[in-house]
There are 2 protein chains.
Amino acid sequence: MVRFAGRVNRVNPSAVREIFKLMADPDIISFGGGSPAVESFEPAVIREITDELLTLRPDAMLQYGTTEGWIPVREAYIEHIARPKGLEFSLDDVVVTTGSTQGISLSIDAFVNEGDTVLVESPTFLATLMMFNKVGARVVPVETDEDGMRTDDLKAKLESTGARFIYTIPTFQNPTGRTLSLSRRREVARLAAAYDAVVAEDDPYCDLRYSGEPLPSIKNFDEVGNVILLNSFSKTISPGLRVGTVAASPEIIKKLVVAKQCSDTHTAILPQAICAEYLSRGLLPSHLTQVAPMYKERLDTMLACIEKELPEGTDYTRPEGGLFIWLTLPGEPDMNELLRVATQEYKVAFVPGAPFFVDPSEGRNAFRLNFSGETPERIEEGMRRLGKAFGDCVR
Amino acid sequence: MVRFAGRVNRVNPSAVREIFKLMADPDIISFGGGSPAVESFEPAVIREITDELLTLRPDAMLQYGTTEGWIPVREAYIEHIARPKGLEFSLDDVVVTTGSTQGISLSIDAFVNEGDTVLVESPTFLATLMMFNKVGARVVPVETDEDGMRTDDLKAKLESTGARFIYTIPTFQNPTGRTLSLSRRREVARLAAAYDAVVAEDDPYCDLRYSGEPLPSIKNFDEVGNVILLNSFSKTISPGLRVGTVAASPEIIKKLVVAKQCSDTHTAILPQAICAEYLSRGLLPSHLTQVAPMYKERLDTMLACIEKELPEGTDYTRPEGGLFIWLTLPGEPDMNELLRVATQEYKVAFVPGAPFFVDPSEGRNAFRLNFSGETPERIEEGMRRLGKAFGDCVR
């Protein structure tokens, strides 16, 4: 009889696993994932870049690399992603990760001991809650509103809990799609410095803006070097390549590198080099300009369908970008029963809200919809089905 | 002032970092790494496979995948790697990892709590020692001889420590190059079952055999489902692709998948698909037949040079495969001073033995040489330099 460590026994994967399974069913119209549109991928460009890399740098592509990451992708991130946002980094400030998920995981490894208190937006990314459970952290939710994390509550919680680690998704947040306001970004940086707390700023969606003006990162207001900025190429180039970046002070990066040595030695070279070449060819800005209208159409289509198909009194967010809309149904629906009916009887999938909360009872009548993964036609059909499913259940 | 978690403060990366830095110097002849020969890579084949994958399966290559891994690579592992060794696995028995390192890390995540006692060969893979330090495990060394881990001492240590986790590299071990004998493989499985311990069988070198007969894995003798078999494509296809596999009971795989969800969501798809296609095309057996003589020549060259160039009384192993030779110098040399002289004055690198031991004082006069990464000519030149360096220091 094998006995598992507390670390993995504390984590309940069911919510995520269930969604994965559903997405495998081709008949299902899925609003459940967090996937970019396959129509946004550029396989021909990737193929041509890969050919060139394997022709010109074959040994480097196939041999071991360093834990810090492929230098050209760190340089390309610094020049093409960070600098245009007013962020100046050197190579020592950046480590490449196997997707943003690893960036979150390494940050937790480096800063959160078992029993430590950490602060998160409520609701927040469910995989991060899993990671906090894995290390045995005490997770305290911070209240949010239309402008994201409420900094008055953040201050109160920093004061009352002594937490020294703040996890936030400031832009087009997962799951709500909400964006932290400019003044609050400044205030989060100020409070973190004042209370000697580290901020893990998870910002994978920031380049997917369809309306409104771009905002600076919390990192732009970091005067003491305690903000860890996590970016990803998953939503802009390809999630399957699993390449993300962490930018922080060299002191922090050194510890993240130690944690990464103990995690996967280094990120696969070819995917790193593909992202480096894609960026250094200057392909990202035009790509983002091309995909934004496509995503905006999907977002607008879904918002219109919510009005048309979902029960009266359904409350929902109106994001300016990203991948998600967050909805709250009137009354006291049984969300798991709704998911069962929607997926099994109407072949449409969504994610129930409960797993995004520290206290799942809070999310009972909420759910998350992803609008980026399906075409407008499929969104309309899927929302019709969802409306019927909810009609059956919400009486 | 940022305060780091005990996890990363417990890990001292210096030994590994130092070697990485040295390998970056092109003038240095490096016997320090654990890299396969670049001459063994097949970039043209990889390029052709990648072209086909990005042409025929573009969406699948670039979109998110499942945590368990790309099904074709799990199927190919089962058919082309496991079955020929007499191991029968189903898809539920296999998870794909981002290199073997992640397989070790996930196994520790799933089974080792802070303060738990674990057993390892002495000496053992230094990165694994780093991982055990990271989780705060109590690491107890088990004595080894020419036939690998001594099972009488393993039994005694299981008895005396109550350890429930055994880490072993049974074939062409890192750092010694030694191989666990057949009878001991059977005995390790038997003892692990008897004492209700889990065995992490780390076997990345098993397919690199240059003489002698292949041996079954410890997993072949696993009757209770407590052996975790870690394999890797790093030493046979390419380390830069970062693809490895873990084979264990479905109950264990489920927990490893939970840990992996919290680590990097999934391994990059393209590298997984490249390995799958490489295997299903049946390219591995002929590749191994081709590289074995090349590696054997490098091994034999280095063994001859040890006799010729190194101080009399130098003791060393004579591996039948893998990448490493383990040496012990006579007297009481200062190994760090030796490394300094060798690298700075003679431009040749090796790895001091101390970091491979739980108690570094044990490894004072030992060191590891990698023979796979350099050509026979460079091996002869490098060993001459090493002889001179040791001549300067060992008086």
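See the structure above.
A few points on the structure. Treat the numbers as computed from the prediction; the structure is a model and nothing was measured. (Residues numbered from 1 in each chain as written. Chains lettered and ligands numbered in written order. Predicted model: local features only at pLDDT ≥ 70, side-chain atom pairs only at ≥ 80, totals over all residues. Heavy atoms only, no water.)

A short note on the packing of aromatic side chains
For the structure shown, the criterion picks out 26 aromatic pairs over all chains. Centroid distance Phe350(B) to Phe367(B): 5.2 Å. Interplanar angle 65 degrees. Geometry classified as edge-to-face. One end of the pair, Phe350(B), is in the loop between strand S13 (348–349) and strand S14 (351–352); the other, Phe367(B), is in strand S15 (residues 366–370), with 17 residues separating them in the sequence. Geometrically, the ring pair formed by Phe350(B) and Phe390(B) is edge-to-face, given 5.8 Å between the ring centres and 80 degrees between the ring planes. Of this pair, Phe350(B) sits in the loop between S13 and S14 while Phe390(B) sits in helix H14 (residues 376–393), and the two are 40 residues apart along the sequence. For the pair Phe350(B) and Phe390(B), one class covers both residues: buried. Within the aromatic cluster, the residues linked to one another by ring pairs are Phe4(A), Phe111(B), Phe132(B), Phe165(B) and Tyr167(B). The ring centre of Tyr316(A) lies 4.2 Å from the NZ or CZ of Arg318(A), which sits over that ring. (Phe/Tyr/Trp six-rings, centres within 6.5 Å; stacked < 30°, edge-to-face > 60°. Helix = DSSP H or I, 4+ residues; strand = E, 2+ residues; numbered from the N terminus. Buried < 20%, exposed > 50% of the residue type's maximum accessible area, 1.4 Å probe, protein only. Lys NZ or Arg CZ within 6 Å of the ring centre and 35° of its normal.)

Notes on empty space enclosed by the protein
All told, the structure shown has nine cavities of 30 Å³ or more when counted by the stated rule. Taken as a whole, the second largest cavity spans an internal volume of roughly 150 Å³. Taken together, 16 residues line the second largest cavity, and the ones lying closest to its centre are Asp109(A), Lys134(A), Ser105(B), Asp109(B) and Lys134(B). For the lining of the second largest cavity, the element with the most residues is helix H6 (residues 99–111) of chain B, which contributes five residues. Here the residues of the lining of the second largest cavity sort into seven nonpolar, five polar and four charged. (1 Å grid on protein atoms, 1.4 Å probe; cavity = no way out; pocket = protein on both sides within 12 Å on 5 of 7 lines; lining within 4 Å. Points joined across faces, edges and corners; volume = space filled by probe spheres on them. Nonpolar A, V, L, I, M, F, W, Y, C, P; charged D, E, K, R; others polar.)

Some points on the sheet that holds strand S12 (residues 324–328) of chain A
Strands pair in a sheet through their backbones, by hydrogen bonds, and they do so in one of two ways: parallel or antiparallel. What the four strands build is an open sheet, ordered S11-S12-S15-S14 (chain A); its pairing is antiparallel. Because the sheet does not close on itself, it has two edges, and the strands there are strand S11 (315–316) and strand S14 (351–352) of chain A. (Pairing = 2+ DSSP bridges.)

A look at the interface of chain A and chain B
The interface is formed by 79 residues belonging to chain A together with 79 residues belonging to chain B. The junction of chain A with chain B conceals about 6,700 Å² of combined surface from both sides, 57% of it contributed by carbon and sulfur atoms. It is Leu62(A), Tyr64(A) and Cys262(A) that lose the most area in chain A upon contact with chain B, and together they represent 11% of the buried surface on that side. Across the chain A-chain B interface, the total number found is six salt bridges. For Arg3(A), the salt bridge goes to Asp196(B), with nearest N and O atoms at 3.1 Å. Those elements that place two or more of their residues in the side of chain A that touches chain B are helix H1 (6–9), helix H2 (14–24), helix H3 (43–56), helix H4 (58–62), helix H6 (100–111), helix H7 (126–135), helix H10 (250–261) and helix H11 (269–280) of chain A. Grouping the constituent residues of the side of chain A that touches chain B by class yields 39 nonpolar, 22 polar and 18 charged. (Contact = heavy atoms within 4.5 Å. Buried area = accessible area lost by both parts, 1.4 Å probe. Salt bridge = Lys/Arg side-chain N within 4 Å of Asp/Glu carboxyl O.)

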